[in-house]
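# Working through the structure, step by step
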Amino acid sequence: MDQQTPPAEPGFRESVDIMFNRAVKLMDLSPGLEEKIRICNATYVVRFGVRLRGAIHTFTGYRSVHSEHMEPVKGGIRYALSVHQDEVEALAALMTYKCALVDAPFGGSKGGLCIDPRAWDEHELEQITRRFAYELIKRDLINPAQNVPAPDMGTGEREMAWIADQYKRMNTTDINGSACVTGKPINAGGIQGRTEATGRGVQYALREFFRHPEDIAKANLSGKLAGKRVIVQGLGNVGYHAAKFLSEEDNAIVTGIIERDGSLYAEAGLDVEDVKKWIATHGGVANYPHATHDADGAALLEHECDILIPAALEGVINMTNADRIKAPLIIEAANGPTTAGADEVLRKKGVVIIPDMYANAGGVTVSYFEWVKNLSHIRFGRMQRRAEEARHELIVAELERLDEMLEHRWSMTPNFKEKYLRGADELELVRSGLDDTMRTAYQAMRDVWHSRDDVPDLRTAAYLVSIRKVADSYRAKGL
Ligand code: NAD
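Residues numbered from 1 in each chain as written. Predicted model: local features only at pLDDT ≥ 70, side-chain atom pairs only at ≥ 80, totals over all residues. Heavy atoms only, no water.

### Examining the overall build of the protein
Threshold: Working definition: helices are DSSP H or I runs of at least four residues, strands are E runs of at least two. Numbering for both runs from the N terminus. Two things to know: the radius of gyration comes from C-alpha atoms, and the globule rule equals 2.2 Å times the number of residues to the power 0.38. Note on classification: 1.4 Å probe, protein chains only; a residue is buried when its accessible area is under 20% of the maximum for its type, exposed when over 50%, partly exposed between these limits. The criterion used for residue contact is that any of the two residues' heavy atoms lie within 4.5 Å. The accessible surface values rely on the Shrake-Rupley method and a 1.4 Å probe; as for residues, cover is taken only from the protein chains in view. Charge assignment: positive for Lys and Arg, negative for Asp and Glu; neither His nor the chain ends contribute. A charge is said to be at NZ when it belongs to Lys, at CZ for Arg, at CG for Asp and at CD for Glu.
Tallying secondary structure elements over the protein gives 16 helices and 12 strands in all. Here the C-alpha radius of gyration of the protein, 23 Å, is about what a compact globule of 479 residues would show, namely 23 Å. Relative to its 479 residues, the protein shows a buried fraction of 55%. Intrachain contacts of the protein at a sequence separation of at least 6 include 70% that bridge at least 24 residues. Summed over its atoms, the accessible surface of the protein is roughly 20,900 Å², and 50% of this surface lies on carbon and sulfur atoms. Averaging the locations of the 59 positively and 69 negatively charged side chains of the protein gives two centres separated by 3 Å.

### Digging into the packing of aromatic side chains
Using the following cut-off: Any pair of Phe, Tyr and Trp rings, taking the six-membered ring for Trp, is counted once the centres come within 6.5 Å. Such a pair is stacked with planes under 30 degrees apart, edge-to-face with planes over 60 apart, and tilted for the rest.
This model, assessed by the stated rule, comprises 14 aromatic pairs. Between phenylalanine 416 and tyrosine 420, the ring centres sit 5.2 Å apart and the planes meet at 10 degrees, which makes this aromatic pair stacked. Here tyrosine 420 and phenylalanine 416 lie together in helix α14 (residues 416-421), a separation of 4 residues that amounts to about one turn. Residue class for phenylalanine 416 comes out partly exposed when judged on its relative accessible area of 29%.

### A few points about unusual backbone geometry
Proline 72 follows glutamate 71 through a cis peptide bond whose omega is 5 degrees. By the secondary structure assignment, proline 72 is in the loop between β2 (55-67) and β3 (73-80).

### Focus: the side chain of serine 263
With respect to the helices, strands and loops of the structure, serine 263 is situated in strand β8 (residues 262-265). According to the relative accessible area criterion, serine 263 is buried, its value standing at 2%. Beyond its immediate stretch of four places on either side in the chain, serine 263 contacts Ile257, Ile258, Val285, Thr292, His293, Asp294, Gly297 and Leu300.

### With respect to the UniProt feature "site: Important for catalysis" (unreviewed entry) in the protein
Here is the rule we go by: UniProt positions are given in the numbering used here, feature names are shortened, and annotations may be inferred rather than shown by experiment. Polar contacts, as used here, are pairs of N or O atoms within 3.5 Å; protein pairs need one atom able to donate a hydrogen and one able to accept it. Residues neighboring in sequence count only if both atoms are side-chain atoms.
UniProt feature "site: Important for catalysis" (unreviewed entry): in the numbering of this structure it lies at Asp152. Along the chain, the position of aspartate 152 falls in the loop between β5 (147-151) and α5 (157-170). Once you skip the residues sitting within four places of it in the chain, aspartate 152 turns out to touch Gly76, Ile77, Arg78, Lys110 and Asn335. Among the polar contacts listed, one links the side chain of aspartate 152 to the side chain of lysine 110, at a separation of 3.1 Å.

### Observations concerning the site of the ligand
Cut-off, in case you're wondering: We call a residue near a molecule or strand whenever a single non-hydrogen atom of that residue lies within 4 Å of it.
Around the ligand there are 22 residues in total, and Arg78, Asp152, Thr198, Glu259 and Asn335 lie nearest to it. At a separation of 3.1 Å, an oxygen atom of the ligand approaches a polar backbone atom of glycine 154. Considered on its own, the ligand offers 830 Å² of accessible surface; in the complex 86% of this is hidden by protein. Contributions of two or more residues to the shell around the ligand are made by α8 (237-250) and β7 (253-259).

Below, the structure is given as structure tokens:
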């Protein structure tokens, strides 16, 4: 077969449906409920014009609501030329399952604007974003109680701040206006740790995986996360933070980075921060001096490594390359990077895949914290931090008294006092909540994976856990 022409594979939405169907077959859902959960409730398509550079430019945007079993519904807004209805609906479905899996009390939604954000300057992007937001706000498709977007590919805290401001201009008396969107900058109602949250969640997911020797063995790996060779595709928000934390804090070795203009490879490891700086100044990875560059970036997906982290686009692991993938462990930081066909091939090869709906749930988890912060109008830790410190002071004073009594034959470990006395600030609380969420959700998935012979992989287990929760909530509503 010609390697350039992919065989006919189902589209992204169909791929999600195939994976859903595989899981749902193992469940005992009442007739009709299965379909109710699978289908996307509604997709709004908007075409609007913006006067830019002396002419009117028409843009097409989408907001899909997959499931309203809980409200508000939640999901990012993507800016890319590849955005289309099928993709937005697939992503909205994944949001439903993801929120259920990590117990974020939201239904699933997703938005997209068909645009190349690099083709417009900041002022133009602000005009386009505000206009798109206006179209969605006036239909309650952005609303703190009904539909709360967040960043996705091509958008970040800058766009979220414009959207929040647009909502507030149109709803001047809504005291909860800031909660209409998450992923905002701190000075516009954001929360500490949101920008890094998805990458941080990938790190916590891998740490949790490596706490379970049985799971490590299933991936034909051994030992710890430290020293594992990692290849990451996409050094954007998610890929950059995941690669940075894994290399700097867990001593994993990032041997490969794949970007739009090719890949970088260095057996001894790449300095993620240095590569990121190079991209920022040179516009790509080409000519980076401390690694081998290959213009055919995707080829590096097939290179030997311990952990492969696709963190860019969907469908990059497909029927054209699945049988050549050598990584024994794949963690899907991106949404839908593995097609349903490739998933099958990899499972037969014994590759362990930590699925997208779990792996990249750190973003929505911290978005949930931000939404709660906005609704409560107070920063996490503000009330209890000093009280916590005061209580800790009492213990430290007692320990110091003991120290005196024992005539300094016993003493506190250096730094103990400073570390113990400090009450948790917002960032620490966010990290603690995220870590707990990632651990708990992994354990729920692995319990199903290990306890049932008919559940072949973590993805099926993740679907089983989340579909069960969505079904329970529909049943409770009397549907
Ligand atoms: P981003 O726009 O910040 O980064 C995407 C990166 O991928 C960019 O560096 C881009 O240059 C690179 N890229 C684009 N095309 C590529 C190609 N063909 N080969 C290699 N690299 C390529 O986007 P992001 O927010 O990091 O999102 C990445 C993925 O993670 C998406 O699938 C998104 O849905 C998912 N995700 C993001 C979040 C979030 O909080 N941002 C949360 C959950 C899931």
